[in-house]
Amino acid sequence: MGLPFDGLRAVVTGSSYGIGAATAERLAAGGAHVVICGRTATPADRTTYQPVSLEETTARLERYGTTVASIRADMADETERSRLIPFAVEALGGPVDILVNNAAAGIYKANSSYPAKHRALMFEVNFHAPFDLMQQVIPSMRDRGAGWIVNVSSGVARYAHGSSLAPPPADRPASPFGTHQGVYGATKAALNRITVAFAAELWGTGIRVNSVEPSGLVLSEGAVARGVEGIPASAIQPMDEMVDSVAYLCRCPAERTGGVHSSRALLEETGPDRG
């Protein structure tokens, strides 16, 4: 039996570290040719919250023997992100089979004083960029009768952690931080809605369009840098578990489309033989 992604061409955004890098590595380990992108190109560009560079992640992925290429691209910049898919097609030698929209911007502030420029930035990265990239890859996917698009979402699209409208889970304390995630949650709710709309429009073409959210806090290098003291273990989801769910949707059957999934629930539903 061949590798699950053998010969497929994939693009993963926001993939210098964290869920994006782990997803790109899973795809490369499964035989895919991968393009990664982010804003931290070299080790010299690293910061506390951008702790791993594209150069370092590319080197890690190259050990699997597939084609790996990287491009510095800021998803907030329409011109920069417009170069991503053409770069991938050239670097990987053909059209994109798998698109994982993982890049996200999170700016958490009180809604009553939230600046318009930050709202615009959040929607640019979390909604408009995935929308643009989906539009770019769909024509070639439609021509080939197959393709996989996975949009990484968030549970705060559905509730405000710690708000009076939606009490937090019993194992998580109420926190004003949750109410400051309103704009972020709104961008992810918009992403979920357009995921379903794209899937409905593309039904029958062989293009699968799904979103998936973590079922807890995934401890990326950036999350660790911000500090995780006081977070109960029950509120944390292992990175491998989240990546399992994304990887499944990168090779799921044609009828698995239009879903807005929670990672753990998806894995429980599909079981250990999901492939």
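The structure under discussion appears in the preceding block.
Residues numbered from 1 in each chain as written. Predicted model: local features only at pLDDT ≥ 70, side-chain atom pairs only at ≥ 80, totals over all residues. Heavy atoms only, no water.

Trainee: Whenever I open this one, the overall build of the chain confuses me. Can you help?
Mentor: From N to C terminus, the chain includes 10 helices and nine strands. The burial tally for the chain puts 49% of its 275 residues in the buried class. For the chain, the share of sequence-separated contacts (at least 6 apart) that also reach a separation of at least 24 residues comes to 70%. Surface summary for the chain: the accessible area is close to 12200 Å², and the carbon and sulfur share equals 53%. (Helix = DSSP H or I, 4+ residues; strand = E, 2+ residues; numbered from the N terminus. Buried < 20%, exposed > 50% of the residue type's maximum accessible area, 1.4 Å probe, protein only. Contact = heavy atoms within 4.5 Å. Areas by Shrake-Rupley, 256 points an atom, 1.4 Å probe, with all protein chains shown as cover.)

Trainee: Is there a simple way to explain the pattern of salt bridges in this structure?
Mentor: If the charged atoms of two oppositely charged side chains come close together, the side chains can form a pair. Tallied over the entire structure, the rule returns 10 salt bridges. Several salt bridges converge on common partners, so that one network encompasses Glu25, Arg60 and Arg63. (Salt bridge = Lys/Arg side-chain N within 4 Å of Asp/Glu carboxyl O.)

Trainee: Quick question: what am I supposed to make of helix H7 (residues 182-201) here?
Mentor: For an α-helix, 3.6 residues make a turn, and residues three or four places apart therefore share a direction. An ideal rise of 1.5 Å per residue puts 28 Å on 20 residues; H7 measures up with 29 Å between its terminal C-alpha atoms. If you follow the buried residues of H7, they end up packed against helix H5 (116-144), strand S5 (147-152), strand S6 (207-213) and strand S9 (260-262). (Expected span 1.5 Å × (residues − 1).)

Trainee: Before we go on, may I ask you to explain the environment of proline 95 in this structure?
Mentor: Relative to the elements of secondary structure, proline 95 occurs in the loop between helix H4 (84-92) and strand S4 (98-101). For the pair formed by proline 95 and methionine 141, sequence separation is 46 residues and the distance between their alpha carbons is 7.8 Å. Beyond its immediate stretch of four places on either side in the chain, proline 95 contacts Arg9, Val89, Ser140 and Arg144.

Trainee: Sorry, what's going on with the packing of aromatic side chains here?
Mentor: One pair of aromatic rings is described through two measures. These are the centre distance and the angle between the planes. As enumerated under the stated definition, the model contains three aromatic pairs in all. On the numbers, 5.8 Å between centres and 80° between planes, the contact of tyrosine 108 with tyrosine 184 is edge-to-face. Note that tyrosine 108 is positioned in the loop between S4 and H5 and tyrosine 184 in helix H7, a separation of 76 residues in sequence. Judged by relative accessible area, tyrosine 108 falls into the partly exposed class, the value being 32%. By relative accessible area, which is 11% here, tyrosine 184 ends up buried. Ring centres of phenylalanine 131 and phenylalanine 198 lie 5.1 Å apart, and the angle between their planes is 70°; this geometry places the pair in the edge-to-face category. With phenylalanine 131 in helix H5 and phenylalanine 198 in helix H7, the pair connects residues that are 67 residues apart, well separated along the chain. The class for phenylalanine 198 is buried, based on a relative accessible area of 9%. Cluster of aromatic residues (ring-pair linked, three or more members): Phe127, Phe131 and Phe198. (Phe/Tyr/Trp six-rings, centres within 6.5 Å; stacked < 30°, edge-to-face > 60°.)

Trainee: Is there a simple way to explain the packing of H4 against H5 in this structure?
Mentor: Packed helices, taken two at a time, are described by the angle between their axes plus the distance between the axes. Where H4 meets H5, the axes come as close as 10 Å, and the angle between the chain directions of the two elements is 40°. Compared by their axis directions, H4 and H5 come out oblique. Contact residues: Leu84, Ile85 and Pro86 in H4; Leu133, Gln136 and Val137 in H5. Split into classes, the residues belonging to the contact of H4 with H5 amount to five nonpolar, one polar and no charged. (Axes fitted to C-alpha atoms, helices over the stretch in contact; angles between N-to-C directions. Parallel < 35°, antiparallel > 145°, perpendicular 65-115°, else oblique. Nonpolar A, V, L, I, M, F, W, Y, C, P; charged D, E, K, R; others polar.)

Trainee: How do you make sense of the environment of valine 246 when you look at a structure like this?
Mentor: Of note, valine 246 is situated in helix H9 (residues 239-249). Separated by 20 residues in sequence, valine 246 and leucine 266 have C-alpha atoms that sit 9.8 Å apart. Non-local contacts of valine 246, meaning those with residues more than four positions away in its chain, are made with Thr23, Val100, Val150 and Val212.

Trainee: Which parts of the structure should I look at to understand the sheet that holds S9?
Mentor: Working definition: the strands of a sheet are paired by backbone hydrogen bonds and lie parallel or antiparallel to each other. Read from one edge of the open sheet, seven strands run S3-S2-S1-S4-S5-S6-S9, paired in parallel fashion. Bordering the open sheet on either side are strand S3 (68-72) and S9, each of which pairs with just one other strand. Mean inter-strand twist for the sheet, computed between neighbouring axes without regard to direction, equals 20°. With three bridges joining them, S6 and S9 adopt parallel strand pairing. Looking across to S9, one finds that valine 212 is bridged to histidine 261. The strands that H4 touches are strand S1 (9-12), strand S2 (33-38) and S3; relative to S2, the one it contacts most, it runs at about 145°. (Pairing = 2+ DSSP bridges.)

These figures come from the coordinates and say nothing about function on their own.
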